[in-house]
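Spelled out, the chains give:
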Amino acid sequence: MSKKVAVIGVGITKFGELWNESFRTLFVKSGTQAIQDAGISSKDIDALFGGNMSGGQFIKQEHLASLAMDHTALLPKPAMRVEAACASGGMAVSAAYMGIKSGMYDVVAAGGVEKMTDVLTNRTTGALSTAADQEWESFQGATFPGLYAMIARRHMHEYGTTEEQMAEVAVKNHYNGSKNPNAQYQREITVDQVMNSAKIADPIKLLDCSPISDGAAVVILAGEETAKLVCDDPIWLVGTGQATGSIALHNRKDICTLNATVEAAKRAYGMAELRPKDISCAEVHDCFTIAELCAIEDLGFCDKGKSGQFVQDGHTRVTGSIPINTSGGLKAKGHPVGATGVAQVVEAVLQLRGKAGARQVTDPEYVLTHNVGGSGGTASVHIFGR
Amino acid sequence: MTEVPRFWREIPQRYNLIGNKCRKCDWINFPPRSICKKCNDHDFERFDLKGEGKIITYTIIRAAPLGFEDLVPYAIAIIRLDDGPRITAQIVDCDSSEVDIGKRVKVCFRKIAEDGKAGAISYGYKFKLV
């Protein structure tokens, strides 16, 4: 059994409204890139775990693991789809890690892909809402922005967080996105633009929301011996944790805390024998700006209720004490839901290799990724180091 | 839209807020559960919720999902019922600017949505300010 597991290759497509790209072309492009980056042959891959939220609703295609293996010419190797709403990608990485740790496989691909723009927007948002409790939230007319808006409203009530502080998250992530050639939005925005954008679900406005995106990402994981053999700079997955929370927001003990994040982080920090202050930078799940504020608190980067001021003081910028979402995050890089958790790992690896270009953090030691399903029903946290 | 049997199964809950109470630890569930989330026991009795409570958070929905377009803008809140459970429901019969955290509400019976011109109409609970 392999003691340690490393990422030896990464691949990612551009994120955005990619009319010329299909589910198949996106997956093949990112997979090919990851294999080339790892410097291995596709024959070396033992298995695939693929994250996808809703192929059935977005492209009317299920049975996606077989499809992916067929079109990457990897038949008859084993492949499995992993679904945990927007956390599907992070969970695919967990599954790949477990496959190697169990001793069953040595080299495993963890991928994520979502093709969201082949259907009209109201169908896309309808598909996304199936990550909430259909009987007791969606039935009443609650939407996803609506659920996060209720978290935001309560956060404002309890801690004095302001809409301007939430807007600062979008402004920072768009700045970072402007340095990322794969980002959906590569342009800066201002607090005023966020504040004056269309209201979606008060206090959430259009520019507080991550977009609808197409995209794919793949990472290749390998056991310690193989990783050292084929790779000059393996990036080690030093800690990982996953946890669940109630699918309905109203059943959470504290509306402003994603307990699944707290629990997943506890497991990941424990395995890595690290504390929040040891993390150099992080990719967190900012599906809405309030989600980034909650993540910063629940991952232990600042005290509960202090995230608004923390962001406003610049701590989370690329030059700050704990840079958050250097890739642009879900907000600016884009959020093809099943791909997001894997794309976060791609950014972590680029940062640790020192290859993140204009958004490079100075000499990072440990990078954390945090992926959430729904309003907090699932959370996945991974920690990577050199 | 909710399919008819899927809606019909939950009519006792949707029309009359019927939950259940754990006989071992007195924890009240809405909707009813088969396993108590507090003590893991499986022995329950019916519990009729009184349908009054307090808003703990809310939003005004301005971009509606399919079937709710005609209601925009509408208020949705998480309500802590006096009996214990928390539920998500619309706040109606008021201007949305009147909705606020801490305000008392009570249940009312309303049309929730209709499945196009020919489909079933679904009814259920909403809340109004008291």
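Scoring rules and cut-offs
Residues numbered from 1 in each chain as written. Chains lettered and ligands numbered in written order. Predicted model: local features only at pLDDT ≥ 70, side-chain atom pairs only at ≥ 80, totals over all residues. Heavy atoms only, no water. Pairing = 2+ DSSP bridges. Helix = DSSP H or I, 4+ residues; strand = E, 2+ residues; numbered from the N terminus. Axes fitted to C-alpha atoms, helices over the stretch in contact; angles between N-to-C directions. Buried < 20%, exposed > 50% of the residue type's maximum accessible area, 1.4 Å probe, protein only. Parallel < 35°, antiparallel > 145°, perpendicular 65-115°, else oblique. Contact = heavy atoms within 4.5 Å. Nonpolar A, V, L, I, M, F, W, Y, C, P; charged D, E, K, R; others polar. Domains from an automatic or database assignment. Buried area = accessible area lost by both parts, 1.4 Å probe. Salt bridge = Lys/Arg side-chain N within 4 Å of Asp/Glu carboxyl O. Polar contact = N/O pair within 3.5 Å; in protein donor to acceptor, adjacent residues only side chain to side chain.

Caption draft 1: Fine view of the sheet that holds strand 3 (residues 79-82) of chain A. Residue and element names in this part refer to chain A. Taken in spatial order, the nine strands of this open sheet run 3-2-4-7-1-8-11-10-9, and their pairing is mixed. Bordering the open sheet on either side are strand 3 and strand 9 (281-283), each of which pairs with just one other strand. This sheet shows a mean twist of 25 degrees between the axes of neighbouring strands, independent of strand direction. Examined bridge by bridge, strand 2 (residues 47-51) and strand 4 (residues 107-114) share five bridges and lie parallel to one another. Of the residues in strand 4, the one forming a bridge with Ala47 is Val108.

Caption draft 2: The arrangement of the pairing of strand 11 (residues 378-385) of chain A in detail. Residue and element names in this part refer to chain A. For strand 11, the buried fraction is high: eight of the eight residues fall into the buried class. Burial along strand 11 is two-sided: the residues Thr378, Ser380, His382 and Phe384 and Ala379, Val381, Ile383 and Gly385 are all buried. The pairing of strand 8 (residues 235-244) with strand 11 spans eight bridges and is antiparallel. By the bridge assignment for strand 11, Ala243 is matched with Ala379. Across eight bridges, the pairing between strand 10 (residues 366-373) and strand 11 is antiparallel. Bridge pairing in strand 11 places Val367 opposite Phe384. From the end of strand 10 to the start of strand 11, which pair antiparallel, there are four residues, and Gly374 there has a positive phi angle of about 65 degrees.

Caption draft 3: How the structure looks around the packing of helix 4 (residues 88-101) of chain A against helix 14 (residues 337-353) of chain A. All names here are of chain A. Direction vectors running N to C along helix 4 and helix 14 enclose 60 degrees, while the axes themselves pass 5 Å from each other. Relative to helix 14, the element helix 4 lies oblique. On helix 14, the residues that touch Ser88, Gly89, Gly90 and Val93 of helix 4 are Gly338, Gly341, Val342 and Val345. A per-class count over the contact of helix 4 with helix 14 returns three nonpolar, five polar and no charged.

Caption draft 4: Expanded view of unusual backbone geometry. Following Asp202 of chain A, the chain continues into Pro203 of chain A via a peptide bond in cis, with omega recorded as 5 degrees. Residues Phe30 of chain B and Pro31 of chain B are joined by a peptide bond in cis, for which omega reads -10 degrees. Following the sequence through the fold, Pro31 of chain B ends up in the loop between strand 2 (28-29) and strand 3 (44-48). Backbone geometry places Glu273 of chain A, a non-glycine residue, at a positive phi of 55 degrees. On the accessibility criterion, Glu273 of chain A (72% relative accessible area) is exposed. Although it is not a glycine, Asn40 of chain B sits at a positive phi angle of roughly 70 degrees.

Caption draft 5: Focus on the domain arrangement of chain A. Residue and element names in this part refer to chain A. We note that the domain assignment places domain 1 (5-120 + 213-236) and domain 2 (133-210 + 238-385) within chain A. Computed over C-alpha atoms only, the centres of domain 1 and domain 2 are separated by 23 Å. The contact between domain 1 and domain 2 buries some 2800 Å² in all, and 67% of this surface belongs to carbon and sulfur atoms. Along the contact surface separating domain 1 from domain 2 lie two salt bridges. We note a salt bridge from Arg353 to Asp37, for which the minimum N-O separation is 2.9 Å. Scanning the region where domain 1 abuts domain 2 turns up 13 residue pairs in polar contact (both at pLDDT 80 or more). Sorting elements by how many residues they give to the side of domain 1 that touches domain 2 places helix 4 first, with seven residues.

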